[in-house]
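So you can see what is in the structure, the chains are spelled out below.
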Amino acid sequence: MEILRVEGVNKSFGGLRALNNVNFSVEQGTVHAIIGPNGAGKSTFLNCMIGRLIPDTGTVKFGDISLTGMKPYEINQVGVSRVFQTPEIFAELTLLENVIIPTMAKRDGQFSLRPFKRLDRDAEIQDKALHMLEDVGLAEKKDVISGSLSRGDKRRLELAMCLSQDPKLLLLDEPTAGMSRADTNNTIDLLKRIAGRGITKVVIEHDMHVVFSLADKVTVLAQGTIIAEGKPEEIKGDPRVQEAYLGGAHL
Ligand SMILES: Nc1ncnc2c1ncn2[C@@H]1O[C@H](COP(=O)(O)OP(=O)(O)OP(=O)(O)O)[C@@H](O)[C@H]1O
């Protein structure tokens, strides 16, 4: 069953056509990777799906819900979460406090700026936030100030913040960018673990090791156009992809 369907999306910046009649769909419960060379339009496409950019034409549907024209927070509320290249965390707060904010927003539909005064009495929120940190392997650091974390840990923290909102669809923009190989492999393991919960994922990724370890299906964008789509093994051997993506080198 399809969870996301994009039809006829175009987006231009002045005279530059960043997306050219993009049609794209994602099956529920799968990991769908979007790859392509620098400037292919991947981030523009992601931003069109999460409401940060409005397509010039075309539609984005999440199940029966049209996301076109919705604001990013509204898209988030219907079950679409995203993890950015630069983690969006509250650097002055502890890890636990960072996860409490979206956990509380999810439960109560809003977030008070004075929540921590009441938190010692809100065991449900505390427990859930801690559980999310356990999920991503950061429970031991729950009282650490988040700004001091390594880049890999910041991204894991952001993932815990997203998961606390029980998303149905998770969009990840280069989840392993800038990570060491060890951190990258930890992140692959973590994403595989959460795949077991049936959260559908769309992953934009440059690292082919990550793409081929995780993806059920791969879509290749080049110059704003989808040039190939299929299983990772099919994409690996596709000469159009090798030409566009790596100038003829082998993936
Ligand atoms: N806000 C903007 N204003 C003008 N041009 C833009 C804007 N955002 C993106 N572009 C252009 O649109 C094209 C697609 O950019 P985009 O960032 O979507 O590509 P990408 O595939 O994500 O690239 P990368 O892998 O380098 O992040 C590029 O030519 C880029 O310069």
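Residues numbered from 1 in each chain as written. Predicted model: local features only at pLDDT ≥ 70, side-chain atom pairs only at ≥ 80, totals over all residues. Heavy atoms only, no water.

Trainee: How would you sum up the nonpolar core? Please name residues and give values.
Mentor: By size, the foremost hydrophobic cluster in this structure holds 31 residues, and its most contacted members are Val99, Leu133, Leu157, Leu159, Leu163, Leu170 and Leu172. Within the residue set of this core, elements represented by two or more residues are helix H3 (95-108), helix H5 (123-135), helix H6 (151-163), strand S7 (169-173), helix H7 (181-195) and helix H8 (208-214). Considering every element that reaches this core, the biggest residue donor is H6, with six residues. Lining this core are residues from two domains, each supplying at least three of them: domain 1 (1-79 + 167-251) and domain 2 (88-166). Beyond its immediate stretch of four places on either side in the chain, Leu172 contacts Val83, Leu159, Leu191, Lys201, Val202, Val203 and Ile204. Counting residues in hydrophobic clusters, the runner-up holds 27 residues, among them Ile3, Phe45, Val80 and Phe84. (Core = buried A, V, L, I, M, F, W, Y, C linked by side-chain atoms within 4.5 Å. Buried < 20%, exposed > 50% of the residue type's maximum accessible area, 1.4 Å probe, protein only. Helix = DSSP H or I, 4+ residues; strand = E, 2+ residues; numbered from the N terminus. Domains from an automatic or database assignment. Contact = heavy atoms within 4.5 Å.)

Trainee: Tell me about the pairing of strand S2 (residues 16-27), residues and numbers included.
Mentor: The sheet contact formed by strand S1 (residues 2-13) and S2 spans eight bridges and is antiparallel. In the sheet register, Lys11 faces S2, and the bridge partner there is Leu19. Hairpin connection from S1 to S2: two residues lie between these consecutive antiparallel strands, with Gly14 at a positive phi of about 60°. (Pairing = 2+ DSSP bridges.)

Trainee: Just give me the short version of the packing of H3 against H6, but keep the residues and values in it.
Mentor: Relative to each other, H3 and H6 sit at 30°, their axes nearing to 8 Å. Here H6 runs roughly parallel to H3, going by the angle between their axes. Along this stretch, H3 crosses H6, giving a crossing that reads as right-handed. Only Leu157, Ala160 and Met161 of H6 make contact with H3, whose side of the interface consists of Leu95, Asn98, Val99 and Pro102. Tallied by class, residues from the contact of H3 with H6 come to six nonpolar, one polar and no charged. (Axes fitted to C-alpha atoms, helices over the stretch in contact; angles between N-to-C directions. Parallel < 35°, antiparallel > 145°, perpendicular 65-115°, else oblique. Left-handed = near helix turned anticlockwise from the far one by under 90°. Nonpolar A, V, L, I, M, F, W, Y, C, P; charged D, E, K, R; others polar.)

Trainee: I'd love a proper account of the packing of H3 against H5, names of residues and values included.
Mentor: It is at 9 Å that the axes of H3 and H5 come closest, and there the two elements cross at 120°. Put simply, H3 runs oblique to H5. Handedness of the crossing formed by H3 with H5: right-handed. Contact residues: H3 offers Leu95, Leu96, Val99, Ile100, Thr103, Met104 and Arg107, while H5 offers Glu124, Ile125, Gln126, Lys128, Ala129, Leu130, Met132 and Leu133. Considered class by class, the residues forming the contact of H3 with H5 number ten nonpolar, two polar and three charged.

Trainee: Would you mind going over helix H1 (residues 42-49) in detail, with residue names and values included?
Mentor: With respect to burial, H1 is a largely interior element, seven of its eight residues being buried. Within H1, the full set of buried residues consists of Lys42, Thr44, Phe45, Leu46, Asn47, Cys48 and Met49.

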